[in-house]
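# Per-entry structural report
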Amino acid sequence: MYRERDLAIWCSVYETCGVTEFVRLVGEALNSFKRVPIYDWPTRVHVSELGLPCVQVLQNVVSSRGLYASVSEDYIEIGSRLTNHLSHQLQWYLVVNDLASDEMKEDQLGIDLGL
């Protein structure tokens, strides 16, 4: 469930805002990401799920900050904590700017209420 939600959020931001705004928003999300000294299990996002341009942008922005982002022909690997952080930040942006689907709004409300 979370995987589909994350993909929907990332694709929605990328498609509605364009590359420049997507890069800016991911960069802002990375500014608020707090690294902790524990192993962060990698999450694989396949190119077929997000599209090559979106995957390349994610890889470039994340790795430029010194964070783990490994890309291959078929997928990008990003730490699971970072994946969750990016999704929450981008979802918040969609909700605040009234670009989110009803499902995303309900999910955000649940997060805000701690459910």
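It should be emphasised that the depicted structure is a prediction, and the values quoted were computed from it without experimental measurement.

### A few points about the pairing of strand E3 (residues 75-79)
Across the 5 residues of E3, 5 count as buried, placing the element largely inside the fold. Burial along E3 is two-sided: the face carrying Tyr75, Glu77 and Gly79 and the face carrying Ile76 and Ile78 are both buried. Where strand E1 (residues 42-46) and E3 come together, 5 bridges link them in antiparallel fashion. Within E3, the position partnered with Arg44 by the bridge is Glu77. Pairing of strand E2 (residues 69-71) with E3 involves 3 bridges; the strand directions are antiparallel. Residue pairing in the sheet places Val71 in a bridge with Ile76 of E3. From the end of E2 to the start of E3, which pair antiparallel, there are 3 residues.

### Section: the packing of aromatic side chains
Evaluated as defined, the whole model comprises 2 aromatic pairs. Each ring, one from Tyr14 and one from Phe22, has its centre 5.3 Å from the other, and the planes form 90°; the classification is edge-to-face. Overall, the relative accessible area of 18% leaves Tyr14 in the buried class. Given the relative accessible area of 0%, Phe22 is considered buried. A centroid spacing of 4.9 Å and a plane angle of 90° characterise the contact between Tyr39 and Trp41, whose relative ring orientation is edge-to-face. For Tyr39, a relative accessible area of 57% gives the class exposed. In this arrangement the basic side chain of Arg44 is found over the ring face of Tyr75, its NZ or CZ atom lying 4.0 Å from the centre.

### With respect to the sheet that holds E3
Reading across from one edge, E1-E3-E2 is the order of the 3 strands in this open sheet, with antiparallel pairing throughout. Only two strands of the sheet have a single partner each, and these edge strands are E1 and E2. On average, each strand axis in the sheet is inclined to that of its neighbour by 20°, with strand direction left out of account. Lying on the sheet, helix H3 (residues 52-64) is in contact with E2 and E3; it crosses E2 at an angle near 145°. Packed on one face of the sheet, helix H4 (residues 80-96) meets E1 and E3 and runs near 95° to E3.

Conventions used here
- Residues numbered from 1 in each chain as written.
- Predicted model: local features only at pLDDT ≥ 70, side-chain atom pairs only at ≥ 80, totals over all residues.
- Heavy atoms only, no water.
- Buried < 20%, exposed > 50% of the residue type's maximum accessible area, 1.4 Å probe, protein only.
- Helix = DSSP H or I, 4+ residues; strand = E, 2+ residues; numbered from the N terminus.
- Pairing = 2+ DSSP bridges.
- Phe/Tyr/Trp six-rings, centres within 6.5 Å; stacked < 30°, edge-to-face > 60°.
- Lys NZ or Arg CZ within 6 Å of the ring centre and 35° of its normal.
- Axes fitted to C-alpha atoms, helices over the stretch in contact; angles between N-to-C directions.
- Contact = heavy atoms within 4.5 Å.

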